Amino acid sequence: MTDKLTGTEREAVLERLSQHGWDLDGDRDAITRTFKFKDFNAAFGFMARVALWAEKLDHHPEWSNVYNRVTVTLTTHDAGGLSAKDVTLADHIDALA
């Protein structure tokens, strides 16, 4: 089982990720970010690349796509909130965007 981030480590991670556009979800212990692309094909291509990383990491995002926008939410359900898995996937997603 994966441990939930707490304390100073959590604060530092949230501060760093917020500089890249990630926000803490106000309703639960999760981070979210919306990406905007040129068109649907670019958005869908981004999702396909993220899906490959998600499979490698065995950690999958919650997401939605509307035309050129992709909204991604990350949380670790078995940890009950944010974990290092979310941070790792967020970093990969940022690199792909």
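As annotated in an unreviewed UniProt entry, the protein chain carries the name Putative pterin-4-alpha-carbinolamine dehydratase and is attributed to Oceanomicrobium pacificus. Note on the protein chain: under the UniProt heading Sequence similarities (unreviewed entry), the record states "Belongs to the pterin-4-alpha-carbinolamine dehydratase family." Looking at the protein chain in UniProt, the text filed under Catalytic activity (unreviewed entry) is "(4aS,6R)-4a-hydroxy-L-erythro-5,6,7,8-tetrahydrobiopterin = (6R)-L-erythro-6,7-dihydrobiopterin + H2O".

A. Fine view of the overall build of the protein chain. Looking only at helices and strands, the protein chain has three helices and four strands in total. Rg of the C-alpha trace for the protein chain: 13 Å, near the compact-globule value of 13 Å for 97 residues, within the 12% margin. Expressed along its principal axes, the backbone C-alpha trace of the protein chain runs to roughly 40 × 25 × 25 Å. Within the protein chain, the fraction of its 97 residues that count as buried is 39%. Considering only residue pairs separated by 6 or more positions, the protein chain has 63% of its internal contacts joining residues 24 or more positions apart. Approximately 5,700 Å² of the protein chain is accessible, and the part contributed by carbon and sulfur atoms is 51%. Averaging the locations of the 11 positively and 16 negatively charged side chains of the protein chain gives two centres separated by 8 Å.

B. Up close: the pairing of strand β2 (residues 31-36). The pairing of strand β1 (residues 23-24) with β2 spans two bridges and is classified as antiparallel. Paired with L24 across the two strands is I31, which belongs to β2. Remark: six residues form the turn of the hairpin made by β1 and β2, two consecutive strands paired antiparallel. The sheet contact formed by β2 and strand β4 (residues 69-74) spans six bridges and is antiparallel. Looking at β4, one finds that K36 is bridged to R69.

C. Seen up close, the packing of helix α1 (residues 7-18) against helix α3 (residues 84-96). The geometry of α1 relative to α3 is characterised by a closest axis approach of 12 Å and an angle of 15 degrees between their N-to-C directions. Our classification of the angle between α1 and α3 gives roughly parallel. α1 and α3 meet at a crossing whose hand is left-handed. Residue-level contacts link V13, R16 and L17 of α1 to V87, A90 and D91 of α3. Residues of the contact of α1 with α3, tallied by class, amount to four nonpolar, no polar and two charged.

What counts as what
- One numbering rule holds for all chains: residues counted from 1, following each sequence as written.
- Owing to the predicted nature of the model, reporting of local features is limited to residues with pLDDT of at least 70; listing and counting of side-chain atom pairs is limited to 80 or more, with chain, interface and lining totals taken over all residues.
- Side-chain metrics rest on all non-hydrogen atoms present in the structure, leaving aside hydrogens and water.
- UniProt positions are given in the numbering used here, feature names are shortened, and annotations may be inferred rather than shown by experiment.
- Every helix listed is a DSSP run of H or I at least four residues long, and every strand listed is a run of E at least two residues long, numbered separately from the N terminus.
- Throughout, the radius of gyration refers to the C-alpha atoms, and the reference size of a globule is 2.2 Å times the residue count to the power 0.38.
- Burial here depends on accessible area, computed with a 1.4 Å probe over protein chains only, as a share of the maximum for the residue type. Under 20% is buried, over 50% is exposed, and the range in between is partly exposed.
- In what follows, residue pairs with any heavy atoms lying within 4.5 Å of each other are defined as contacts.
- Only the protein chains shown count as cover for residues, and the accessible areas themselves come from Shrake-Rupley with a 1.4 Å probe.
- In this tally Asp and Glu are treated as negative and Lys and Arg as positive; neither His nor the chain ends contributes.
- A single reference atom marks each charge: NZ on Lys, CZ on Arg, CG on Asp, CD on Glu.
- Pairing between strands requires that DSSP locate at least two bridges from one strand to the other.
- A fitted line through C-alpha atoms represents every axis, and for helices the fit uses only the stretch in contact; the resulting angles, taken between N-to-C directions, go from 0 to 180 degrees.
- Our angle categories are set so that under 35 degrees counts as roughly parallel, over 145 as roughly antiparallel, 65 to 115 as roughly perpendicular, and the remainder as oblique.
- In a left-handed crossing the near helix is turned counterclockwise from the far helix by less than a right angle, and in a right-handed crossing that turn is clockwise.
- Polar here means any residue outside two lists: the nonpolar Ala, Val, Leu, Ile, Met, Phe, Trp, Tyr, Cys and Pro, and the charged Asp, Glu, Lys and Arg; Gly therefore counts as polar.

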